[in-house]
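Below, each chain spelled out in residue letters.
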Amino acid sequence: GDSVTQTEGLVTLTEGLPVMLNCTYQSTYSPFLFWYVQHLNEAPKLLLKSFTDNKRPEHQGFHATLHKSSSSFHLQKSSAQLSDSALYYCALSDHNNAGAKLTFGGGTRLTVRP
Amino acid sequence: GALVYQYPRRTICKSGTSMRMECQAVGFQATSVAWYRQSPQKTFELIALSTVNSAIKYEQNFTQEKFPISHPNLSFSSMTVLNAYLEDRGLYLCGARTKNTLYFGAGTRLSVL
């Protein structure tokens, strides 16, 4: 079955430093990949999703590149901000369910310190 | 992004009682609605996937008898948690799908006494 792995459960870094949150996946077919961000006491919000045409999605300074060869969709940002502190989930859906049935990774809690 | 409204935001019910939660897609038509539960440990469980004019598909460990879902049109869905017990606690999220993307509502947080 499908699976998503986020190797880091906790990431702490200083404001202004680059961010990279890892996400690798296993899927029988070429899936859609997503990053959701969840702030404290809020629901997950869509941050990024993969495109089928190899474009690199960007939002709020974050970007992620889908690498089919390595089955990865790492989340990156050049300079962390205090407001980036949140839970980040990588998720995938196969083309049959096309965004409806998501398989989530375990999540990475990002803490940005002054 | 698309807006999904869930009601109520929080609810407390006595053990063995039931509660109903609602999900409304605002300004768009959701081709599918997925109900998830996020545990206190922050893991996600898919409860069921509902597509209008198709049978609702429940995941393993979740049943229609326990979590009946109504999905009468492309913008509204409701789910009831019947006979709620402590293990049913958590944040219940409604995700409405449009353009191959799932947008979540703010969730209904269920506490059981």
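Keep in mind the model is a prediction, meaning the values are calculated, not measured.

Calculation rules
Residues numbered from 1 in each chain as written. Chains lettered and ligands numbered in written order. Predicted model: local features only at pLDDT ≥ 70, side-chain atom pairs only at ≥ 80, totals over all residues. Heavy atoms only, no water. Contact = heavy atoms within 4.5 Å. Buried area = accessible area lost by both parts, 1.4 Å probe. Salt bridge = Lys/Arg side-chain N within 4 Å of Asp/Glu carboxyl O. Polar contact = N/O pair within 3.5 Å; in protein donor to acceptor, adjacent residues only side chain to side chain. Helix = DSSP H or I, 4+ residues; strand = E, 2+ residues; numbered from the N terminus. Nonpolar A, V, L, I, M, F, W, Y, C, P; charged D, E, K, R; others polar. Pairing = 2+ DSSP bridges. Axes fitted to C-alpha atoms, helices over the stretch in contact; angles between N-to-C directions. Phe/Tyr/Trp six-rings, centres within 6.5 Å; stacked < 30°, edge-to-face > 60°. Buried < 20%, exposed > 50% of the residue type's maximum accessible area, 1.4 Å probe, protein only.

Draft legend 1. Fine view of the interface of chain A and chain B. Tallying the contact residues gives 18 residues for chain A and 22 residues for chain B. Carbon and sulfur atoms supply 57% of the area buried between chain A and chain B, which totals about 1,600 Å² over both sides. The interface formed by chain A and chain B includes one salt bridge. The interface formed by chain A and chain B includes six residue pairs in polar contact (both at pLDDT 80 or more). Among the elements of the structure, strand E5 (32-38), strand E6 (45-49) and strand E10 (86-93) of chain A are those that each provide at least two residues to the side of chain A that touches chain B. When residues of the side of chain A that touches chain B are assigned to their parent elements, the largest contribution, four residues, is made by E5(A). Looking at the side of chain A that touches chain B residue by residue, the class counts come to twelve nonpolar, four polar and two charged.

Draft legend 2. Just the side chain of A:His74, in detail. All names here are of chain A. When you line up the elements, His74 lands in the loop between strand E8 (62-64) and strand E9 (75-77). There is a polar contact of 2.9 Å between the side chain of His74 and the backbone nitrogen of Cys23. Those residues in contact with His74 that sit more than four places away from it in its chain are Met20, Leu21, Asn22, Cys23, Thr24, Trp35, His63, Ala64 and Thr65.

Draft legend 3. Structural detail: the sheet that holds strand E8 (residues 76-81) of chain B. All names here are of chain B. Read across the sheet, four strands follow the order E1-E3-E8-E7 without closing on themselves; strand pairing throughout is antiparallel. Single-partner strands in this sheet number two, and they are strand E1 (3-7) and strand E7 (69-73). Averaged over all pairs of adjacent strands, the angle between strand axes in this sheet comes to 15 degrees, irrespective of strand direction. Where E1 meets strand E3 (residues 19-26), five bridges bridge the pair, whose relative direction is antiparallel. When the bridges of E3 are listed, Leu3 appears paired with Val26.

Draft legend 4. Geometry of the packing of aromatic side chains. All names here are of chain A. As enumerated under the stated definition, the model contains twelve aromatic pairs over all chains in all. Consider the rings of Tyr89 and Phe104, whose centres lie 6.1 Å apart with planes at 85 degrees: the pair is edge-to-face. Here Tyr89 is found in strand E10, whereas its partner Phe104 is found in strand E11 (residues 103-104), with 15 residues between them in sequence. Each of the two residues, Tyr89 as well as Phe104, counts as buried.

Draft legend 5. Expanded view of the pattern of salt bridges. All names here are of chain B. Tallied over the entire structure, the rule returns seven salt bridges over all chains. Where Arg37 meets Asp88, a salt bridge forms, and the shortest distance between an N and an O atom there is 3.6 Å. Taken together, the positions of Arg37 in strand E4 (residues 32-38) and Asp88 in the loop between E8 and strand E9 (90-98) put the pair 51 residues apart, joining distant regions of the chain. One exposure class covers both Arg37 and Asp88, and it is buried. Asp88 serves as the salt-bridge partner of Lys66, at 2.8 Å between the closest nitrogen and oxygen. Within this pair, whereas Lys66 is found in the loop between strand E6 (57-58) and E7, its partner Asp88 is found in the loop between E8 and E9, the two being separated by 22 residues in sequence. Shared partners join several salt bridges into a network, and the residues in it are Arg37, Glu45, Lys66 and Asp88.

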